[in-house]
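Single-letter residue listing:
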There are 2 protein chains.
Amino acid sequence: MEAQTKIEISDAEWEVMRVTWTLGHVTSSQMAEIMAEKMGWKTATVKTLLGRLIKKGALRAEKHGRAFTYYPTVDEQPSMDEAVTTLFGHLCQMRVGQTLTDLVTQLTLSQTDIENLQATLAQKQATAPVTVDCDCLPGDQHC
Amino acid sequence: MEAQTKIEISDAEWEVMRVTWTLGHVTSSQMAEIMAEKMGWKTATVKTLLGRLIKKGALRAEKHGRAFTYYPTVDEQPSMDEAVTTLFGHLCQMRVGQTLTDLVTQLTLSQTDIENLQATLAQKQATAPVTVDCDCLPGDQHC
DNA sequence: CTATATAGTCTACATCCGTAAACATTGAAT
DNA sequence: ATTCAATGTTTACGGATGTAGACTATATAG
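Let us look at the structure shown here. (Residues numbered from 1 in each chain as written. Chains lettered and ligands numbered in written order. Predicted model: local features only at pLDDT ≥ 70, side-chain atom pairs only at ≥ 80, totals over all residues. Heavy atoms only, no water.)

Moving on, we come to the overall build of chain A. Each helix and strand counted, chain A has 6 helices and 3 strands in total. Listing the helices and strands of chain A from first to last along the sequence gives α-β-α-α-β-β-α-α-α. Its C-alpha atoms give chain A a radius of gyration of 20 Å, more than 25% over the compact-globule value 15 Å for 143 residues. Here the C-alpha coordinates of chain A stretch approximately 60 × 40 × 35 Å along the principal axes. Once local pairs closer than 6 in sequence are excluded, the contacts in chain A between residues at least 24 apart make up 53%. (Helix = DSSP H or I, 4+ residues; strand = E, 2+ residues; numbered from the N terminus. Rg over C-alpha atoms; globule rule 2.2 N^0.38 Å. Contact = heavy atoms within 4.5 Å.)

Inspection of every chain in the model, using the stated rule, returns 14 salt bridges over all chains. Between glutamate 82 of chain B and lysine 6 of chain B there is a salt bridge, and its shortest N-O distance comes to 2.4 Å. Residue glutamate 82 of chain B is located in helix α4 (residues 76-89), and its partner lysine 6 of chain B is located in the segment before α1 (11-23); the two are separated by 76 residues in the primary sequence. Take glutamate 82 of chain B: its relative accessible area is 32%, and that puts it in the partly exposed class. Beyond isolated ion pairs, a larger network of salt bridges with shared partners links Glu15, Arg18 and Lys38 of chain A together with Asp135 of chain B. (Salt bridge = Lys/Arg side-chain N within 4 Å of Asp/Glu carboxyl O. Buried < 20%, exposed > 50% of the residue type's maximum accessible area, 1.4 Å probe, protein only.)

All names here are of chain A. Pairing analysis gives 6 bridges linking strand β2 (residues 59-64) to strand β3 (residues 67-72), with the strands arranged antiparallel. Paired with leucine 59 across the bridge in β3 is proline 72. Between the antiparallel neighbours β2 and β3 lie 2 residues, among them glycine 65 with a positive phi of about 70°. (Pairing = 2+ DSSP bridges.)

All right, on to the protein's contact with DNA strand C then. Around DNA strand C, a shell composed of 19 residues is seen, among which Ser28 and Phe68 of chain A together with Ser10, Thr48 and Arg52 of chain B lie nearest. Among all atoms of DNA strand C positioned within 4 Å of the protein, those belonging to sugar or phosphate total 63%. Here a base nitrogen of DNA strand C and a side-chain polar atom of threonine 48 of chain B are 2.5 Å apart. Elements with a minimum of two residues in the surface near DNA strand C: α2 (28-39), α3 (43-56) and β3 of chain A together with α1 and α3 (43-56) of chain B. The dominant element in the surface near DNA strand C, judged by the number of residues it contributes, is α3 of chain B, at 5 residues. Taken together, the residues of the surface near DNA strand C sort by class into 6 nonpolar, 6 polar and 7 charged. (Near = heavy atom within 4 Å. Polar contact = N/O pair within 3.5 Å; in protein donor to acceptor, adjacent residues only side chain to side chain. Nonpolar A, V, L, I, M, F, W, Y, C, P; charged D, E, K, R; others polar.)

On to helix α4 (residues 76-89) of chain A, then. Here α4 of chain A spans 20 Å end to end across 14 residues, near enough to the 20 Å set by a 1.5 Å rise per residue. Taken together, the buried positions of α4 of chain A are occupied by Glu76, Gln77, Ser79, Met80, Asp81, Val84, Leu87 and Phe88 of chain A. Looking at the buried residues of α4 of chain A, the elements they touch are α1 (11-23) and α5 (96-106) of chain A together with α4 and α5 (96-106) of chain B. (Expected span 1.5 Å × (residues − 1).)

Attention now goes to the packing of aromatic side chains. The final tally for this structure, using the stated rule, is 4 aromatic pairs over all chains. Geometrically, the ring pair formed by tryptophan 14 of chain B and tryptophan 21 of chain B is edge-to-face, given 5.4 Å between the ring centres and 75° between the ring planes. Here tryptophan 14 of chain B and tryptophan 21 of chain B have matching classes, each one buried. Positioned above the aromatic ring of tyrosine 71 of chain A, the side-chain terminus of arginine 60 of chain A is 4.4 Å from the ring centre. (Phe/Tyr/Trp six-rings, centres within 6.5 Å; stacked < 30°, edge-to-face > 60°. Lys NZ or Arg CZ within 6 Å of the ring centre and 35° of its normal.)

Before going further, it helps to examine the protein's contact with DNA strand D. Near DNA strand D you find 20 residues, and of these Ser10, Thr48 and Arg52 of chain A together with Ser28 and Phe68 of chain B are the closest. In DNA strand D, atoms within 4 Å of the protein come from the sugar-phosphate backbone in 66% of cases. Between DNA strand D and serine 10 of chain A there is a distance of 2.5 Å, counted from a phosphate oxygen to a side-chain nitrogen or oxygen. Here a phosphate oxygen of DNA strand D sits 3.1 Å away from a polar atom, N or O, in the side chain of arginine 66 of chain A. Contributions of two or more residues to the surface near DNA strand D are made by α1 and α3 of chain A together with α2 (28-39), α3 and β3 (67-72) of chain B. Top element by residues in the surface near DNA strand D is α3 of chain A. It accounts for 5 residues. Taken together, the residues of the surface near DNA strand D sort by class into 6 nonpolar, 6 polar and 8 charged.

On to the layout of surface pockets. There is about 1,300 Å³ of room inside the largest pocket. Around the largest pocket, the lining comprises 35 residues; the ones closest to its centre are Asp11 and Leu87 of chain A together with Asp11, Ala83 and Leu87 of chain B. When residues of the lining of the largest pocket are traced back to their parent elements, those giving at least two are α1 and α4 of chain A together with α1 and α4 of chain B. When grouped by side-chain class, the residues that make up the lining of the largest pocket number 15 nonpolar, 10 polar and 10 charged. (1 Å grid on protein atoms, 1.4 Å probe; cavity = no way out; pocket = protein on both sides within 12 Å on 5 of 7 lines; lining within 4 Å. Points joined across faces, edges and corners; volume = space filled by probe spheres on them.)

The next thing to look at is α5 of chain B. Here α5 of chain B has its buried residues at Val96, Gly97, Thr99, Leu100, Thr101, Leu103 and Val104 of chain B. Contacts from the buried residues of α5 of chain B go to α4, α5 and α6 (111-125) of chain A together with α4 of chain B.

All names here are of chain B. In space, the 3 strands of this open sheet follow the order β1-β3-β2, with antiparallel pairing throughout. Looking at strand neighbours, the two that pair on one side only are β1 (26-27) and β2 (59-64), the edges of this open sheet. Where α1 meets the sheet, it contacts β1, β2 and β3, and its direction lies at approximately 90° from that of β3. Across the sheet, α3 lies against β2 and β3, angled at about 110° from β2, the strand it touches most. (Axes fitted to C-alpha atoms, helices over the stretch in contact; angles between N-to-C directions.)

Written out as structure tokens, the structure is:
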């Protein structure tokens, strides 16, 4: 059933998706207004991005009178998870722990977020290895 | 003092940097050999990437006889932190907590990594807000 | 019905990226 | 000294990206 070949959303497109996810659905005029304020983009720019997202299959358009209403066809959390997972996959595995710690230090997290993270960490502790090796070189253990 | 305009390292270039960081310094032939094995790249591809990284200022070359030896001019951990911070900056702030939890679930972390994270989280707990608002729309509180 | 505003589609264009061939230079072997 | 192989430099090229103008179709006001 055609597992559509992994949708790549660029940075600019990502901004459009965020708004769409948050609102659930938008018209291009709404989006143009929002992006003009948020990003300083011209209407034409927004049209291009909406068009590209439709073509990529990240958005779906439904015609209502003259205009279309745009709906996301991919979910936000999975998309975020994937973007993050992909990035971390490109980093030295030996350093992801430190990177995560540095990140957590910077981010604003809610009480609940912290609790959930603590629970997840506690659970991983049982099976966590003592060390994680660098995987920057081919073959197996090098550095 | 010319804060050099933020070095942007692409995905392919990142692979080259990882190897350089791990080895401390490399010759292009070494790098070509490693990337041939690790990425399946031709020598020419590696040369291009090394050249671009030099131009971008992420690597420095020192001539030794006929060939150059390449050294990183940016540090690994700060580069990783920055890449990660940038990505999270593009995500809905309301969802970064969940995203982080999903990420931690997937990653392999060492005992020490987990301990450091727990310590960092415990410290944040004191001042953490009850909730974090969505920041996907312009203006202030919308969604 | 007709003119206009509005939304959609097509075209543009410089730059970056991934990937690599072609060409030039030079240290080293004979 | 001459030549070859290794190394660096230049050029290439299609596709993605950011940014946007131009052109077109049509719902709606009058």
